[in-house]
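Results of the structural survey
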Amino acid sequence: MQDSEYDNVVWDTKVSGDHEASGSFAQQPSTEEADEHTGNNRASSGDVAYSADTHMPAGQGSYTVGESSKAHTERQNNTDIDTQVTVDQPRKEGEGTSSPFITYLVTTTRTNQETREIRRYALRRRFQDFVWLHDQLKRQFMACVVPPLPDKHRMEYLTGDRFSEEFVCKRKHGLQRFLSRVLLHPSLRASHHVTVFLEAKDWSSEYEAKQARSEGSGVLDTLGDTLMNTFSKVRKRDERFAEMRDSVARLEDNLSRTQKLYLRVIKRQQDLQQAYEGLGTGLIDLGDIETGMTLGLVEAGNALKAHHLALKRLAEQTEDLFLGEIEEYISYCEAYLEMLKERDQKQAEFEDLTEYLQQTTAERDRLTNYQSAVGVTAVANFIKGKVRDLRGVDPAVSRQQRIEKLAARIVELESAVDASRDGLEMFSDLVIEDYDVFAHIKQHDFKRAFSALAASHIEFYSKAVDIWRNVIPELEKLPVD
């Protein structure tokens, strides 16, 4: 494999027992360099390690593509490993070139619950690498909803502001949430691609992408399958999946309304920030005129400006840690609805094949029993009969040939129906299993999102109380007759 173009660093330490061995990162960026991009003055509650829940039962299958018995065994044994991952220290690479980009330090700690052995890996990855992992998981686990990545189609890409501290910090938290959801999923976290992403030192997603393009199936094949199923509709609705669809659709609708309402809250907070800042400046200017009250007015003006900064931090934290989570879950719901649609397409395909088999069997039985056709079939058979008469074909011989062709077609259709039924049942079982996993991950994410929302407000109001408490002593010093 070719050398990676990225500045990968690795710390792989085996530790036995309860005490960790000391070690240090090779080529680790300095604290000043890291702080320049991480935005340590913002959203500190978001810089936490996310842990895979090892108590979540591993799936018995995930409609995987080409999973070997060894991979299945590793997936089953993976429940003994507790994995924590952090995405931190964004760094701009390729400065001065035509294609600069940001890399993130992905630090992984794997702890064997039985032996207490600890392994650590610290590797730099860029957004393109996360996209590679997302795409590989989608191809490998067709009956699983892969968690969404932070939206790439943002205004920052159009305005050229994608290297700003605010944008990079938001993306960093979004990428960490993506990995945390992958590690909470019992099937996804056991994938070889996740292991490569988290642990491989000599690796490049661009190299892997070239291999995938050269070895992958044709686009026309996939497009053909999609078009064939587009015009088919499910005849017999399965209430289990209808309830899932309604539940996810309601969740998406509620999240969309929450997003719109909270965007209005943030807009009002931004307006208040400007008002508080302007009011603070006005009080400071007033202190220059009212010389007898200068200290009190200046202190109150500075307090308003500090209140403005605290409110700005609140808006930034909630937009990043709370609203960012809501936006990602809207995409999560859309992906789940797409998977349910794919399951319906498989059911429609099975129903179409079954109906075609029934029609073919009925036609064979009609010819065998010398029965006359009715409706459109009768007209078509009449025309075919006239054509055979013109050609001088013996009707008895023709009937026997048609019966033999229909019999061969029935055998093929029966095999296709059985395969379609088995595939539909397997896919449906895995969709149900993944729905339970989705609910499990949702509980973790909502707890994190609303905890961040509460912590941000507690921090803001605590800061506001301290700001205004410090103003009172200065105001009490003002002489009053």
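Residues numbered from 1 in each chain as written. Predicted model: local features only at pLDDT ≥ 70, side-chain atom pairs only at ≥ 80, totals over all residues. Heavy atoms only, no water.

1. Considering helix α5 (residues 165-184)
Compared with the 28 Å implied by 1.5 Å per residue over 20 residues, the 29 Å span of α5 between its first and last C-alpha is a close match. With 18 of 20 residues buried, α5 is to be regarded as a mostly interior element. (Helix = DSSP H or I, 4+ residues; strand = E, 2+ residues; numbered from the N terminus. Expected span 1.5 Å × (residues − 1). Buried < 20%, exposed > 50% of the residue type's maximum accessible area, 1.4 Å probe, protein only.)

2. Focus: the pairing of strand β3 (residues 101-112)
Taken across its twelve residues, β3 has twelve buried, putting it largely inside the fold. Burial along β3 is two-sided: the residues F101, T103, L105, T107, T109 and T111 and I102, Y104, V106, T108, R110 and N112 are all buried. Of the pairings in the sheet, the one linking strand β2 (residues 81-93) to β3 comprises eleven bridges and is antiparallel in character. Across the sheet, T83 pairs through a bridge with R110, a residue of β3. Direction of pairing for β3 relative to strand β4 (residues 118-126): antiparallel, over a ladder of nine bridges. Bridging from a neighbouring strand, T109 pairs with R120 of β4. (Pairing = 2+ DSSP bridges.)

3. Quick look at the nonpolar core
If you look at the biggest cluster of nonpolar residues, it comprises 28 residues, and the most contacted ones within it are L255, Y336 and V431. When residues of this core are traced back to their parent elements, those giving at least two are α9 (239-289), α10 (294-368) and α12 (395-469). For this core, the element with the highest residue contribution is α10, accounting for ten residues. With sequence-adjacent residues up to four places away left out, Y336 is seen in contact with V145, V248, V431, D434, Y435 and F438. By size, the runner-up hydrophobic cluster in this structure holds 27 residues, among which are L133, F141, V146 and F178. (Core = buried A, V, L, I, M, F, W, Y, C linked by side-chain atoms within 4.5 Å. Contact = heavy atoms within 4.5 Å.)

4. Structural notes on the side chain of Q317
Looking at the element boundaries, Q317 is found in helix α10. Only 3.4 Å separates the side chain of Q317 from the side chain of S456, close enough to count as a polar contact. (Polar contact = N/O pair within 3.5 Å; in protein donor to acceptor, adjacent residues only side chain to side chain.)

5. Looking at the packing of aromatic side chains
Overall, the coordinates contain twelve aromatic pairs when judged by the stated rule. The interplanar angle of 35° and the centroid separation of 5.1 Å between the aromatic rings of Y336 and F438 together place this pair among those described as tilted. With a gap of 102 residues between them, Y336 in helix α10 and F438 in helix α12 connect regions that are remote in the sequence. The class for Y336 is buried, based on a relative accessible area of 0%. The class of F438 is buried, set by a relative accessible area of 4%. (Phe/Tyr/Trp six-rings, centres within 6.5 Å; stacked < 30°, edge-to-face > 60°.)

6. Notes on the packing of α5 against helix α6 (residues 192-199)
It is the contact of α5 with α6, at a shortest axis distance of 12 Å, that shows an interaxial angle of 140°. The angle between the axes of α5 and α6 places the two elements in the oblique class. Here α5 runs over α6; the crossing is left-handed. Contacts from L179, V182 and L183 of α5 reach α6 at V194, F197 and L198. Partitioned by chemical class, the residues of the contact of α5 with α6 number six nonpolar, no polar and no charged. (Axes fitted to C-alpha atoms, helices over the stretch in contact; angles between N-to-C directions. Parallel < 35°, antiparallel > 145°, perpendicular 65-115°, else oblique. Left-handed = near helix turned anticlockwise from the far one by under 90°. Nonpolar A, V, L, I, M, F, W, Y, C, P; charged D, E, K, R; others polar.)

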